[in-house]
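In case you want the letters, here they are:
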Amino acid sequence: MESPHVVPLQLLSEEMCWLILSQKAFSGRSQASREILEDIGREIANKCKGLPLAAKTIGGLLQDKQGREEWQNVLNNVIWKSSFAHEIFSPLLLSYYDLPSPIRQCLSYCAIFPKSFTIYKDELIQCWMAQGYLNSDGNRRRELKGEDYFKYLATRSFFQDFEKDTSGSIISCKMHDIVHEFVQFLTEHRFVTEVVARNSTLDLSSKRVRHLRLVIPSWDASPLSTCLIEKLRSLVVVSDGLSSGDGLQDLFSRSKLLRFLEFDWLRLRPEQIAGGMKNLIHLRYLSLISCSGLENLPESVCELINLQSLNLRDCLDLKKLAVGMGKLINLRYLCIKECPSLSYYPKGIRHLISLTRLSGIKMRVDQSDGNEFSIGDLENLDLLGGNLCVELIGDELNWAEAKRAKLHNKIHLKRTDIWICSPNIKKEEVLKALNPPSTLLVEFFDYQKWLPFNEARIQRMKMREKFIVARMVHRAALKFLADCSSGEESSFFSYD
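Residues numbered from 1 in each chain as written. Predicted model: local features only at pLDDT ≥ 70, side-chain atom pairs only at ≥ 80, totals over all residues. Heavy atoms only, no water.

1. Digging into the overall build of the chain
Link 1 in the chain: The helix and strand inventory of the chain stands at 15 helices and 16 strands.
Link 2 in the chain: Taken across its 496 residues, the chain has 50% of its residues classed as buried.
Link 3 in the chain: The contacts in the chain between residues at least 6 apart in sequence include a share of 66% that link residues at least 24 apart.
Link 4 in the chain: If you sum the accessible surface of the chain, you get close to 23,900 Å²; carbon and sulfur atoms cover 51% of it. (Helix = DSSP H or I, 4+ residues; strand = E, 2+ residues; numbered from the N terminus. Buried < 20%, exposed > 50% of the residue type's maximum accessible area, 1.4 Å probe, protein only. Contact = heavy atoms within 4.5 Å. Areas by Shrake-Rupley, 256 points an atom, 1.4 Å probe, with all protein chains shown as cover.)

2. Considering the sheet that holds strand β3 (residues 170-174)
Link 1 in the chain: Taken together, three strands build an open sheet; the order of strands is β1-β3-β2 and the sheet is antiparallel. Edge positions in the open sheet fall to β1 (119-120) and β2 (160-164), since each of these has one partner strand only.
Link 2 in the chain: Where β2 and β3 come together, three bridges link them in antiparallel fashion. Within β3, the residue paired with K164 across the bridge is I170. (Pairing = 2+ DSSP bridges.)

3. Describing the packing of helix α1 (residues 14-25) against helix α3 (residues 52-62)
Two quantities define a packed helix pair, namely the angle between the helix axes and the distance between the axes.
Link 1 in the chain: Two numbers describe how α1 lies on α3: the axes approach to 7 Å, and their chain directions differ by 30°. With respect to their mutual orientation, α1 and α3 come out roughly parallel. Note on packing geometry: the crossing formed by α1 with α3 is right-handed. Contacts from C17, I20, L21, K24 and A25 of α1 reach α3 at P52, A55, K56, I58, G59, G60 and L62.
Link 2 in the chain: For the contact of α1 with α3, the per-class residue count stands at eight nonpolar, two polar and two charged. (Axes fitted to C-alpha atoms, helices over the stretch in contact; angles between N-to-C directions. Parallel < 35°, antiparallel > 145°, perpendicular 65-115°, else oblique. Left-handed = near helix turned anticlockwise from the far one by under 90°. Nonpolar A, V, L, I, M, F, W, Y, C, P; charged D, E, K, R; others polar.)

4. Topic: the environment of D39
Link 1 in the chain: Counting through the fold element by element, D39 comes out in helix α2 (residues 31-46).
Link 2 in the chain: Through-space distance from the C-alpha of D39 to that of R68 is 9.9 Å; in sequence the pair is 29 residues apart.

5. As for the pairing of strand β13 (residues 357-364)
Link 1 in the chain: Where burial is concerned, most of β13 is hidden: eight out of the eight residues are buried.
Link 2 in the chain: The pairing of strand β12 (residues 333-335) with β13 spans three bridges and is classified as parallel. Paired with L334 across the strands is L358, a residue of β13.

In structure tokens:
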């Protein structure tokens, strides 16, 4: 409506949720009944997480529950596997079934995330695309359709807590707890989260699981045997930064129908990834977020010819991309943000003409040789869109090489951030040589800002390493104390 004054609505307080719930729940009841049930009722109201719709719905549900036992049952079972879950979710179901069918399955896929999870919009759209939810004609239509679906769900309040960039575009969001529990209710047997205990067996034989989130809580836990995992379409393996990938190679190599594979906060070696990749012929999205120990991207990744998305965000130890990157001719999304150790970007990236997103890349501006990616290699990447962030490496500007980038043909780009890493390169010369279209916002950051920026990235890497070691010592201490309390004789240093 283009209103000049917008009032952002905040979540309700716990007291306000209680007032709404109690007004419905105690309608027609005596004061004595209220006094008996109020303490449980307030706990139930707190579960509404500030959502008035939930407070009103659950309050109406409690009208027919007479005694403390029934109210206690609601408190203990609300949302999760309750016989009256459909009643609780009825207002949300009304909104859900009003969604177009393709958008419904996109919303349901959000059940793969845990509660209060920060969902990055671009990564979510790539997940949808990997599952085949955004099939469309045209090179860029799928990403645009994903953007439209995301906006549709956002306007229907299925997403909240938006983080935006300087231009107002949404970077990330979260789901309200009640909405998250709602999508898990809808997908109860297809989307499953399993916590792996030490020396355990992962058995999915009793479930119709297609999308699995595997949580490894300690560095020595991994599934020793697995049952009926062959039909998985998504596999997300999450650790706390202490767990290795040992024992997981068999898991994902047997899941031959996988379309989405993510390792998050694991210690990985290149050979652990390389061993099981050859069987994943259907894989569309490979994500290695915040994985330590991975210095080189294995060449076997380049054999995944159907791969559309590769996410290496926050891989702080990564130094070198695979030489054969040019084989990934179907790649549309390449994220290498926050990889401060990465210094080798292969020339083959220039052949990835289907790329629509390229986040975080260093390129030479002083020459073009046969090994490293240079600024002129952007020449044929005309489908690039969104925000492009690059670091220019070299002691001088090669005008011919900069002009070869043909930035004026990159009509889908919204913004380009250019970090100049040498005092000998002037931003005025770079801008003139690149000749960007008038619609493209270009921001320059010179080497005086780049040096502390790069140093800050290295400091973050060191801080994370210290954090991981501190957590390891803390867990070892807790385990030592637990063994001592149980009467077992042991040395603290045996928990190294």
